[in-house]
Structure formats: C-alpha cells, structure tokens
Amino acid sequence: MSNPRRTTLPPHAPPTESARSGIYHPTLSEIQQDSISILAEIHWISKDPALRKWDPKVVEQIYYEELEENDFTTKKLMLLEFSQYLEKYIWPNFDANSASLAHVLSIVLMVNEKFRERVSTWGNFVNNPSQFPAFFNRVLHLAITTQADSLTLGVRRFILIFLIHSFQSLENSLIRTECLRLVFISIWGCLASGARRDHELKLHKDHKDNWSRFSKKLRHSDEAQKEKIQFESSWLSELLKGFVEILYSIPESGDTNPDAIAYCERFLEFLIDLEAQLPTRRYFNTLLEDHQIVVLCRLAPIVNRKEGSELFMQLLETLKFYAGFEINDFNGLALTVDEMTALHCKKLSNLQHIAFRHFKDTLQTLALSNFAAIENRADLKKYFEPLSHDEIVRLCDLLHVRTRRLVGDNVYDKDFLLEVLISRFEKRKSQIDTINSMPLYPDENALFDEAVVKTQFYSGETPLALPKLNLQFLTIHDYLLRNFNLFRLESTYEIRQDIEDVVKRLAPRIAYPISRTEFTGWARMAVEVDRFSIVEVSKPNLGEEHPSLVKADVTFNLGRYTESIRNEWDSLKQHDVLFLMTIEADEQTAEKYRDDLPFRQHFGLKYVRGCEVSEIIGDDGKPIDEVGKPRIEDRKPKISGNMRTLRVLLDTNQYKLDMDRYSKEKDEDVYETFNILMRRKPKENNFKAVLETIRDLMQSELVVPDWLHNVFLGYGDPGSAHYRRMPNPPKEIDFRDTFLDYDHLEESFPEAEIIPANGFKRPISPPYILQFSEPTDTSPSKKRKSQKEIDKPKPKVKDNKIIVRTYSMPNMGPYLFNQPRKNTIKFTPIQVEAIRAGSNPGLTMVVGPPGTGKTDVAVQIIANLYHNFPKQHTLLVTHSNQALNQLFEKIMALDVDERHLLRLGHGEEELNTELSFSKYGRVNSFLEKRLGLLAEVDRLAESLKIGGEHGYTCETAGYFYLYHVLSRWEPYHDKCRQGLEVSSEKTETIRDEFPFADYFTNVPQPLFPPDANYSETLEIAEGCFRHIEKIFVELEEIRGFELLRTSYDRANYLLTKEAKIIAMTCTHAALKRRELATLGFKYDNVLMEEAAQILEVETFIPLLLQETEDGRSRLKRVIMIGDHNQLPPVVKNMAFQQYGNMEQSLFTRFVRLNVPTIDLNSQGRARASIAELFNWRYRNLGNLPVISTNPEYQKANAGFTYDYQLIDVQDYLGKGETEPVPYFYQNLGEAEYVVAVFQYMRLLGYPADQISILTTYNGQKALIRDVLKKRCSWNPLFGRPAKVTTVDKFQGQQNDYILLSLVRTRSVGHIRDVRRLIVAMSRARLGLYVFCRRALFENCYELTPTFNKLLERPDRLKLIINEMWPSERAVEDHGNPYEITDVTHLGQYVYQMMQEQLDFAKEQKAKMELEESL
C-alpha cells in the first residue's frame, strides 16, 4: 500500500474486517472465470467421470505456468484451495516413486494455504495414509540435500513453513510419527564429540538406555534401513548447517536478497516452535546448544544491518529465552528458582574445578572466587579475555564445547569462542523479576510503537515476534507467560484505539498569544484535568526498589456535560482503571489529520499514564465509604456541585522509572503536566486485573489438579481426565428429578439394561438412584489414539447393567411452598450422558449447537451436584452477565434452596426476579429473613402458650427450640413410631396429640385429611415438624450474620461459609482472584457456560481462585459447555488473533487435542426448515420432538408466504453500502426495508417483543435505530422491537422472529467467517428474513451451503394479504403470494395499511360515540 495506515482501526470497526488490508478474497464469479477453475472443471471437479483422469502434466502446467510465473501469488493458491486441488487431485494420485518435484511442492503449497486460511488440513492425509511417510521423506530431502540448492530461497521457505505446520500438529498421530523420528535421541550422534554425548548420557539412566536401543537398531539394520536412519538422525543438524550458510550470506550493509532474510526469520520461528514443545525439545535443546546457533545468530552480520533486522532480533531473543527455559528437558517437570540456581552453581563449580586443575596460572583467581563474582558478563570477559586462542580452545574441549566451525573444518576464532563461554556461564535474568519490574499500564512509547499498528492486518506472509498459543505448553509458567505477553499486547492495542478516538474528538489546538493547549471539541469518555497532585509515596517493601504505594488526587469539572454523562463519571468505583494524558498541541495540530501521519506527533500527545481509582473524595475532603453502596444515589448526598475529586493509585514501577529519568536527565516531571483524564467502558477495562492476576499466579505455588495437569498442558492421553477413567467414582448417583418417569429412564440408556434393585418392581416411580456396574478403566492408555480411531463409531453392545432404586421424598411441610420444585424437561439420551458425566469427577466437555439445551443440561448438573454432595461448593463461570442470569433463573426453578445461591459482580440487577442474589443483597436477604423467622418463633411460642421474648435473637430462638420444641416433639414422635410398629394406635392419636396443631391453623387445607391411613398421617406430622425444624436450622445459619457487625464481614462470611453455588463472570474472577484466595474461598466443582467464547487465560483463572491444600488442588470436577463452531473470544488485533492464536479458547484447544466430548445432537429452538440453514455445520444435528409436535411450529408466519426468505435489496436512492466515517458501514436501503417489514408485522398484530433486528455492523445498527426512532417510536401502533443489535452481541440469545441485515454491497466482509454465519442463522425460532445484496453473497464460496438453501426460494419478499397474527395456515401452505418489488413498494403498502387501520379505528370510535349519545 502506498500510504500505510499509522493508526489503529476506530473502536466501531469490526476486528476481523480485512477488506482494506490487501488480503484477497475472490468472489464466486472470479473463481469460475480464472484459468485455474477452468482446468479444475476439466480435470478434477467435473461431474463426468470420464473427464476426471489423472494427468501429471496438468500438475506441471499449474505449478510452472500458474504458480511460479505469478510468483506464487495468494490469489492463485486460494483458487486452487477452493477447487479442492489437494483433496481431489494431487494427493489421491500421489506416488512417491513417480511424483515429480512440481507434484511434491504443489502438495506443500496447498498444505500451507490451508493453514493460512485456517481450515482443516491433515484429514485429507489421514484418510489415505499409506503414501504420507514417503511424501514426507521427499520433503525432508528437499529441505537439505543438493536438490535444495537448486531451489530458490522463496521455495525453500515454503518447505520450511510446511515443516513448521507439521511440527505444530503433533496432536495428529500420522504427523507425530513422522516428526518425532527427527528429534529422537539419535540426533545426538551429531554432537561435537563423543565425550559430549557421553557426558549427556550420564545425566539420566533413560538417556543411556534409549541410546543403547538406537545403537542396537542401527547395527542390526540392512543397508537401506541404515541409510534411512542415518539420514533422519543427521537431518536436523544438516538443516541447521544450511541455515547458518544462508544467514552468513546476508551482508552487514548494502543490497541483499529479501528472500534470504525472510528464510532466516522463518527458520528462527521453526527453532522456537521446536524448543517450545516438550516432545520436540527433549533432545533437540542439547543439539541447539552444541551447534551454538544462538551465538552464531547473535554474531551474524544481519544483526548490524540498519534495516530489515528488527524482526530477526526479536525472534532471536525469544529463541534465547526458550533455549534456557526453566524445565527439565527429559521429564518435563518445571524447575523452581532454587533448582535453576543450583544448576547454575553446578555449572560454575565445574568451570572452577577445570580452571583450578588445568589453568592454575591463568584462571586461578576465577577458580577461587565466589560464584557472585564470576556470573555476570563483564567479570567473565575479564577472566577469559587474557587467554590465548589455543588456551580457549583447550578450555572449550574440557568443557565439551564445540570448537570446530559448523560449516567447514576450521576452528572458530577467539572472539566467537569467548562469546560462547560467556553465554554459557553468565547468570540468566529471571523472567519473574523482569515481569515484576514491568509497569502493568502501557505508556506512550508502548502504545505508539509502530509494530502495534503493523500487526492489525495480518495476512500470514511473515512470522511475528509473538508467542503462539498452540496445543502444548512446556509448563504452567510457560502457559501463563505466553498469555501474559499476548494479553498485554492486545490490551495495549485496544487502549490505543480508545485514546486515538478520544484525542480526535477533543480536537486540541494551540491558543495564541499564550501558546496554551485548548480543546475545541469534547469526548464522552474524557474530561480536562483541573488539578493533579501526588498525595502519598510509601517506602519500598523489603527487597524491592520501587515504592510500595503511590497515591494521587485528580480533580475535574463536569459542569459542561449532560446529566447522563455526569452520571457515568459519578458511576466510577474502586478498582476502575483511568488514563492520564498530557497533550501539548502545536501549529500543525489544528490541520486535518490523515491516517498515514504519525498520530502522537500530529496531536502533541506527550505522555500517557494509567491509574486505578482508590477512593471517591467527598466535599469534606474525606473518602466516601463505598462498601454496600454501589449506586450513584447513595453517593450523591456527599458530593455537590460540578467538581469531582478521585484518589487514584499510580503504577509504582512506572513511577520509579519516571522519577529515575527525571533525576538523571533533569527532564520535566511527567506528573505535573497531565491535562486530560480518560475512562474506558467497564466491560473492556479489566486488562489490569487480568495481568495482575497472571503475575500473581506466576509467583504462587500453582497447582492444577493432578488428573487435569497433563491434559491441560497438551500431553499424554487426551482421555485421561474422562469420568470413566477417574479413580474412585461415586458408587451410585441420585438423579432426583432428571427423569420424568420410568419410560424416560429406559429411553435415556438405550445401550444398557435397566434392572430394578432387590425389593423393587418395574415400573418404578421417580426419583431414581442409579448404580452403574460397568468397570471403570483407570489404566493409562499406552498409545494415543488417532483422530480416525476417535471418530470411528463404537460397536453397539449392551452396556453393563444399571441397577435402579427409588425412595420417597420426605414431606417437608403442609404449605404449598414446602413442595419441592421439579424438572419438567424430557432430556435426550445424549443430554443424560452429559448430566451423568458432569455428576462424576473429572473433565466433562459438552459441545452444544444452537438450541440444544446447553443451559438446561448445566442447570440439572448443578442441581444434582447440590443434592448428591451437599458439602461441596460449585463455582459457575460464564462469559457474559446475561448467560449467568439465564442460568440463575433456571436454577431458581429447581429444588435448590435460595439461601445457598450467590451471584458476584455487576449484572445481578438484570435478574428477572424480586430476590437479590448479589453479595450484599444476599446479606440483606438473610437479615430480612432473620426477622421473618424470629417472628415465626414468636408465633410458635404463642401457639404453645409459652411467654417470653423467644424470638429476640437467633441465640434465644436456639434455646427455645432445645427446651420447648424438641421436648414436646420427641416423646410424641416416639409414641407415634411405636404405634406404627405394633399397629395398636389409631390415627386419632396422631391428630389429637399433635403438639403444634395451633401453629398450623393457617394451612391451606385440613392438616390431617380424614381418609389418610396411619403411616400417611404420621408422615404429615413429621412433615410439619420438618417445617418447624428448618426454621431453627436456618436461624442457626443466620446467627453468624447476627454476630458479625460490618457489611464487609457479613458478605465474606456468606461467601466462604453459607453459599454452595457461587456464580460470576470470568471477568469478575480475574478482578477478584487475589481477594478471593486471601479470604480462604473454597470450591470443589467448576462449571463454565459459553466456554468457547472465553479467552484461554480467562478460563484458566477460575480454576485457581483458591489456595492449595497440602500442595494439592481440591478441585474434583471441571465441566465446560460451549460451541466452538460459533464465534470465538473477541480479539481486535488480527495478528494476535491468528498468528498468536489468541482467539483459541481453552474449550477449542481441548477439542483440537481430541479430549472426549459429548455432542448434543437435537435442537429444539428453530423450525426444522430454518435449522437446515445451519445444521450442515454439525455432525448429525437433528430436531427434538417438540419441533414436530408443538402447534406454533406447524403454523405459518402470518402475512408471509415463507417462514424464511432471502430478500435481495438493490441500491436505494442510488446508493448501496456507504461509510459516513471509515469502517462505519451503513446501508440505508436495507435499514428502510427492515423497518418497513417490522411495521408490517406490527400492523398484523405481531408482538414487538417477539421481533429482533440484527445486523453485522455497528454502523447499520445505529442507522436502523435512527430509522426506527423516526418512523416507529412515536407511534403506539409500532413501538420498538425487542432488540436492535449486532449478530456478535446477540450470540447466546434467541427470538421468535429475526430480521437480519447483512449491509455490504462491495465486498462480503466479516460474515465470511462461517462461525458468524452460524450465529446469524441460528437466532430465529419461527421466522428469519435476510436482507442483503444477492449477487454478492451467493458469490461467496464459504457461505454456499447456507445461501444455496436460501436461494431455493424467491429473492423478492412474498406476502399473504389480509392475514392477521396468529395465523391458522399450515406452514407448507404458501397460499396466494403477493410480491413486493422493492423497499419503496413495501413502504407504500405499509402506509396504505396504516391509513386503513386508522380509518377503521376512527369509524369505530365515531360509532361508539353515536351509540353512547343515543
């Protein structure tokens, strides 16, 4: 691009919108017209089998004429991928013996293209695996042999990229087999000397055994096998030698081949990947050190190049870090700081012994020094530099350090060997220390680093100096570190987006003659700073250099803002993050800004510092107590006028850096210059808490449960944490109300035999206790299963028998509210399996396509855990407040006591209930309940005619229960039980002697029915006592709240002692992790809803909200429910999203690792016809019986011919898609059409709350809201729809009727992501109407399964005239359609309808007035 963008995308821009980034996406018509498509039609996708013949010349033609001549352009590769060139032509016809070079390279290129487009790759090889080893061997030879020298560096780079993808796909058994041969212990045959190898073999017995086995195999092999083994053993070493040759061919200055630099960058990426995975690192790390690759890279001429070396240097730093990572390379155990120090000291000790024994004259001082004096670079250089070249060579030989050049036979020069020795013995700086000294808030330099902007459009052409979140991690520390770095970079990008948006809106300029910066605009999210002052700087903690605390007061004036904006600023609370900015405008600032200009310099943005709200300062200068007062109304009495003062906490590391710079350079004091205070949206502003939490976790004794540890890191058997493989499973499970009846129970286990327990006869009534007699497989799998084995259908054999028994639910009292609430959902067999798995210990993964009852399954699991394990605590985590509220509302509908429910975080106010489940709401609820229960105690005392203040406190109530209630009940109960045994007593005895009859005079029915037998009457009496007993049990639980005096203490008591089911969002878990762990918060089970929408690290944090017990985690179950086929977590920067793979959730990673999943397979949301628009994406997704039996699914949508339809919208007023500001996509024609259809539906009688309007862009959302406001809001005939929002925001929600606007008319845009399409198509229950430009979207290859289905129907809106809602017409009856030609036509029709309804209403009114007058 001639003028590259130097700013971030605006906040409203879709994160995946790549239309302007130069990323090419061909349309269907372009695909069909290209020469490659014509060849494809003839040779491999023709419908005529006679034409589909293999011709190797076609492969040659395509490679040399279409690919090589066009410089392997992405466009041509994409066209080949669309035509399934790999699957249908070059792989099925591959023969290693006869395949040409072009054939092999074509397969390499197509694999790379598939990875670039992020589509499934290796499945094509797994389905035809016999030729793969030979193909892979051909590629390996191309990478290193003389044949490689004949290839261009560009082609060699493609081969290297293929190898990178291969080594990043070790979860696939076919790939793993080929790759791991190349990194086995046999590669140690290429070490510098046998002495070095012997030294390594002595370190671990297993090393020696493995080497012996390899040597024996080599000796007993024939010549062909021996040649193959030797080739594989030396392959990596030869590849490294080839890399060094290319690296040193790049001069320090002047012209060079850009392909050489690109190859070297990719090669470093390859080395980093090998080092960052334990299976490949185990033996390779020793080879890397022996070959001195890091030092060779550091001393290469490219390092001194002024241009083109930045990325190489960044990748080299990453490689250096991983080469010395804190891990035992052999067993994979993480090394502690003490263990790393011990290893370092052992190295120095060995050096001193050799120096003392062999270099007494020259290195005696080094030999006798303490370790601290010989572990830094300067000291080591001082000792080694006086040695001669020969002495250094001799020292290296004694230390088993390579002295001969990797390429050639000469010995390395003195300077090189000196650098090798220093690098080997200098102390490595602790990564923890680096992170601890790092500011958590980005400053102006980090924010406006050019690299941040360069990564926002990532096409996959080059590597990046970013950590990758792939499938495997070395240790938990490695996992946290990669996530820390990526999360920090992503949050920096998002903060910069907000800062650029705010600064542009403020419109700074310089005011003359005083040369002072003034702001001619305004921003909702920023205010001018009136005063800023540091109020407290505390002394550093022991062992630290930075202050322990820095507090400042910032004062600002809200007088110029509207009340709604003032309320937003007044809503700031403790821990909210703000940004202080210094803007100094100059002459050019007032000029119009262009995106290709440096932003900071243009607007004069000098400093940016983050801070965290500590306290709100009132008019009296004192902090306002916020505990229990989260609302603005509670603060307002203490704040008057327009001036506001916040006390903020500054970053202590940043403060120290600033003060050091101020004192050294005599620069201005940053903290005296701030003139703008910026806030951010709370939902997007949790980055500091997450980074702080990750930093805390990196320094704590991290323990993931033993049963989950290897699966989490991506090693071992992916099914090892499945409930069938867990030791000590529960012998039986009480499923309570999971099953509606015995038939439902039998249907739920079709492959098992249901046997009633002894003493029971079928059919048995619920509730059911099931005993699963099948043996539990706890033995570890020796061999990891391939994907093909996992996907292979299991043989249908009768499972081991399930023994079922039942029990009678105890009578809990005579009142209606005493009756237990029951589940009414008839769960499918797959849902029952998910509930069973979740009730057992281990990892449960539930994949829930749209409408398959994910939430219902989650709620039933929670209820079963609550009743089966009453002493265990369950943590619920979701991505959004809305999902959490849906979960809570359904939990409340089941038999779960409300006093054991707790909802943490904001969003609780959105719950559709009068009860408050927040921490302080629950405390107040307990205190209110206390009053009600104590009043009941007084009423009970009065009914027993016992005087006194028995209901005064929980304590007095306890004494009353002990001395007056139990003393009456126990003798009475004993007598009644005896009567049951001897059958001599009559029911009248129970009725007449019941001691609490007067208390229960207010029951809704006679307490003891006259026709009840003795046992039934006794059960009623016992139920009455249980009701009374529960009063005193609850009072005993509430007693703690009575004793504790502050709201804070009561809230924490509730959290740690009373609550059994605690719910929070993943954001809240990150915010409060430190506080929760300090409080001693404990939980046994974690259930995550929307797990595929949560960032990997935000999924990990909720697993670690508690401290360990005796070095072990008490976590027993992790249940993850989600759908990786819908939208992933939002990552705004494309490089972090795709190269760093940051959008991969933990749920998706586990699915990729082949962790066993339970796939829900029946949806009950959408009509069967609408479900066909998205069910192609899922394996065997069918419909629940409700879809075919419920009347509303059988009836047509009133006024519409079809239940779903695509409506083609042409230009309106001469325009299609528009952009009033960049990336703010709008389409007035579609907006008017959608609103007109909404008006039409309302005039037919459709309820407004059953209609939602969705769109794919924020700009269109704003436009539709404007059109609705203009046309509908004022008119009671129309009102407003339930929601107008984007598809992304509507994920997880549904409505009966969806009107969807796709907006774009120039390019398809981000609906090209099939996951977004699936979300869009699966929100509607009864009606879906899609408004778009047909010619554009039917041309999009990725969307064809859905759009082919949509286009089976006409693309002009078809209506049924004179039909009111609800319709009695059958859904298959298309009636007599009336065609709407365009939006103008519909607008006129709706206007006419409205006039007719108004005229009719006037007539009716006049008629009524006439009748009244008569």
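Residues numbered from 1 in each chain as written. Predicted model: local features only at pLDDT ≥ 70, side-chain atom pairs only at ≥ 80, totals over all residues. Heavy atoms only, no water.

What to know about the packing of helix α4 (residues 74-82) against helix α6 (residues 101-116)
Item 1. Running from amino to carboxyl end, α4 crosses α6 at an angle of 90°, the nearest separation of the two axes being 10 Å. Relative to α6, the element α4 is oriented roughly perpendicular. Mapping the contact onto sequence places T74, L77, M78, L80 and E81 in α4 and L109, M110, E113, K114 and R116 in α6.
Item 2. Classifying every residue of the contact of α4 with α6 by side-chain character gives five nonpolar, one polar and four charged. (Axes fitted to C-alpha atoms, helices over the stretch in contact; angles between N-to-C directions. Helix = DSSP H or I, 4+ residues; strand = E, 2+ residues; numbered from the N terminus. Parallel < 35°, antiparallel > 145°, perpendicular 65-115°, else oblique. Contact = heavy atoms within 4.5 Å. Nonpolar A, V, L, I, M, F, W, Y, C, P; charged D, E, K, R; others polar.)

Digging into empty space enclosed by the protein
Item 1. Considering all chains together, one arrives at seven cavities of 30 Å³ or more under this definition.
Item 2. What lines the largest cavity is a set of 13 residues, among which V703, L1104, Q1106, E1107 and T1108 lie closest to the centre.
Item 3. Looking at side-chain class alone, the lining of the largest cavity contains four nonpolar, four polar and five charged residues.
Item 4. In terms of lining residues, the second largest cavity is bounded by 12 residues, among which W569, D570, I616, R644 and L646 are the most central. (1 Å grid on protein atoms, 1.4 Å probe; cavity = no way out; pocket = protein on both sides within 12 Å on 5 of 7 lines; lining within 4 Å. Points joined across faces, edges and corners; volume = space filled by probe spheres on them.)

Notes on the sheet that holds strand β26 (residues 1324-1332)
Item 1. Sheet architecture is open: five strands sit in the order β22-β26-β25-β23-β24, paired in parallel fashion. Two strands in the sheet have a free side with no partner beyond their single neighbour: β22 (1204-1208) and β24 (1283-1286). Strand-to-strand twist in this sheet, taken as the mean axis angle between neighbours without regard to direction, amounts to 20°.
Item 2. Strand direction decides the pairing type here: strand β23 (residues 1251-1255) and β24, joined by four bridges, are parallel. For T1255, the partnering residue across the bridge sits in β24 and is T1286. (Pairing = 2+ DSSP bridges.)

Digging into the packing of helix α21 (residues 377-384) against helix α23 (residues 414-425)
Item 1. One can describe the packing of α21 onto α23 by two numbers: an axis separation of 10 Å at closest approach and a directional angle of 135°. It follows that α21 is oblique to α23 by the angle criterion. The element α21 and its partner α23 pack so that their crossing is right-handed. Taking contact as the criterion, the partners of R377, L380, K381 and F384 in α21 are, on α23, L418, E419, L421, I422, S423 and F425.
Item 2. In terms of residue class, the contact of α21 with α23 is made up of six nonpolar, one polar and three charged. (Left-handed = near helix turned anticlockwise from the far one by under 90°.)

With respect to the pairing of strand β9 (residues 732-736)
Item 1. Along β9, four of the five residues are buried, which leaves the element largely enclosed by surrounding structure.
Item 2. As judged from the four bridges shared by β9 and strand β11 (residues 768-772), these two strands associate in the antiparallel manner. Paired with I733 across the bridge in β11 is L770. (Buried < 20%, exposed > 50% of the residue type's maximum accessible area, 1.4 Å probe, protein only.)

Considering a nonpolar patch on the surface
Item 1. A surface patch of nonpolar side chains, about 360 Å² in accessible area, is lined by Y959, L962 and Y963.
Item 2. Judged by its relative accessible area of 55%, Y963 is exposed. (Patch = residues over 30% accessible without salt bridge, like charges linked within 9 Å, V, L, I, M, F, W, Y side chains within 5 Å. Areas by Shrake-Rupley, 256 points an atom, 1.4 Å probe, with all protein chains shown as cover. Salt bridge = Lys/Arg side-chain N within 4 Å of Asp/Glu carboxyl O.)

What about the sheet that holds strand β7 (residues 643-650)?
Two modes of strand pairing occur in sheets, parallel and antiparallel, and in both the strands are linked by backbone hydrogen bonds.
Item 1. With antiparallel pairing, six strands are arranged side by side around a closed barrel as β3-β4-β7-β6-β5-β8. Averaged over all pairs of adjacent strands, the angle between their axes in this sheet comes to 45°, without regard to strand direction.
Item 2. Looking at chain direction, strand β4 (residues 550-557) and β7 are connected through seven bridges and run antiparallel. Of the residues in β7, the one forming a bridge with D553 is R647.
Item 3. Packing of helix α31 (residues 652-665) onto the sheet brings it into contact with β3 (526-537), β4, β6 (605-617) and β7, and relative to β6 it is tilted by some 135°.

Regarding the environment of E584
Item 1. Assignment of secondary structure puts E584 in the loop between β5 (577-583) and α29 (599-603).
Item 2. The class of E584 is partly exposed, set by a relative accessible area of 37%.
Item 3. Distance from E584 to E1352, taken between C-alpha atoms, is 61 Å for residues 768 residues apart in sequence.
Item 4. Look past the residues within four positions of E584 in its chain and what remains in contact with it is T517, F603, G604, K606 and E668.

So, the confidence of the model for the chain
Item 1. In the predicted model, the chain carries a mean pLDDT of 89, and 94% of its residues have values of at least 70.
Item 2. Every residue in residues 775-798 is under pLDDT 50, and counting partners more than four places away or in other chains gives 36 contacts.
Item 3. The low-confidence segment residues 908-912, where pLDDT is below 50, has 14 contacts with residues more than four positions distant or belonging to other chains. (pLDDT = per-residue confidence, 0-100.)

Some thoughts on the side chain of T582
Item 1. Residue placement: T582 occurs in strand β5.
Item 2. Among the polar contacts listed, one links the side chain of T582 to the side chain of T673, at a separation of 2.7 Å.
Item 3. Ignoring anything within four residues of it in the chain, the contact list for T582 reads G604, L605, K606, Y607, V670, T673, F674 and N675. (Polar contact = N/O pair within 3.5 Å; in protein donor to acceptor, adjacent residues only side chain to side chain.)

Points about unusual backbone geometry
Item 1. Look at the link from R762 to P763: it is a cis peptide, with omega at -5°.
Item 2. Tracing the backbone through its elements, the reader meets P763 in the loop between β10 (752-756) and β11.
Item 3. Cis geometry marks the peptide bond from W1365 to P1366, where omega comes out at -5°.
Item 4. Note on placement: P1366 falls in the loop between β27 (1358-1359) and β28 (1378-1379).
Item 5. In this structure, N1180 is a non-glycine residue whose phi angle is positive, near 55°.
Item 6. Examined against the element boundaries, N1180 turns out to sit in the loop between α48 (1168-1171) and β21 (1182-1183).
Item 7. The exposed category is assigned to N1180, whose relative accessible area is 66%.

Here we look at the nonpolar core
Item 1. Core analysis: the biggest nonpolar cluster contains 288 residues, and F270, L843, F996 and F1032 have the highest contact counts within it.
Item 2. Ranked by the residues each element gives to this core, the list is headed by helix α27 (residues 476-506), at 13 residues.
Item 3. Excluding its chain neighbours within four sequence positions, the residues that come into contact with F996 are L940, L944, V965, R968, W969, F1025 and I1028.
Item 4. Of all hydrophobic cores here, the second largest spans 46 residues; its members include Y723, F749, L884 and M892. (Core = buried A, V, L, I, M, F, W, Y, C linked by side-chain atoms within 4.5 Å.)

Some details on the pattern of salt bridges
Item 1. Overall, the coordinates contain 97 salt bridges when judged by the stated rule.
Item 2. For E545, the salt bridge is made with K656, and the minimal N-O distance between the two is 3.8 Å. Here E545 is found in the loop between β3 and β4, whereas its partner K656 is found in helix α31, with 111 residues between them in sequence.
Item 3. Judged by its relative accessible area of 65%, E545 is exposed.
Item 4. The partner of E1338 in a salt bridge is R1334, with the nearest N and O atoms 3.3 Å apart.

Regarding the packing of aromatic side chains
Item 1. Inspection of every chain in the model, using the stated rule, returns 79 aromatic pairs.
Item 2. On the numbers, 5.6 Å between centres and 90° between planes, the contact of F1200 with Y1240 is edge-to-face. Here F1200, found in the loop between α50 (1191-1194) and β22, pairs with Y1240, found in helix α51 (residues 1228-1244); they are 40 residues apart in sequence, far enough to count as distant. In this structure, F1200 and Y1240 share a single accessibility class: buried.
Item 3. Taken together, the ring pairs connect Y815, F817, W969, Y972, F994, F996, Y999, F1000, F1008 and F1025 into an aromatic cluster.
Item 4. Its guanidinium or amino end placed over the ring of Y263, R156 lies 5.8 Å from that ring's centre, counting from NZ or CZ.
Item 5. We note R282 situated over the ring of F330; from NZ or CZ to the ring centre the distance is 5.9 Å. (Phe/Tyr/Trp six-rings, centres within 6.5 Å; stacked < 30°, edge-to-face > 60°. Lys NZ or Arg CZ within 6 Å of the ring centre and 35° of its normal.)

Overview of the pairing of strand β13 (residues 842-847)
Item 1. Burial analysis of β13 places six of its six residues in the buried class, the great majority of the element.
Item 2. Pairing geometry for β13 and strand β18 (residues 1117-1122), over six bridges, is parallel. By the bridge assignment, M845 is partnered in β18 with M1120.
Item 3. Across two bridges, β13 lies against strand β19 (residues 1158-1159) in parallel orientation. In the strand pairing of β19, V846 is matched with I1158.

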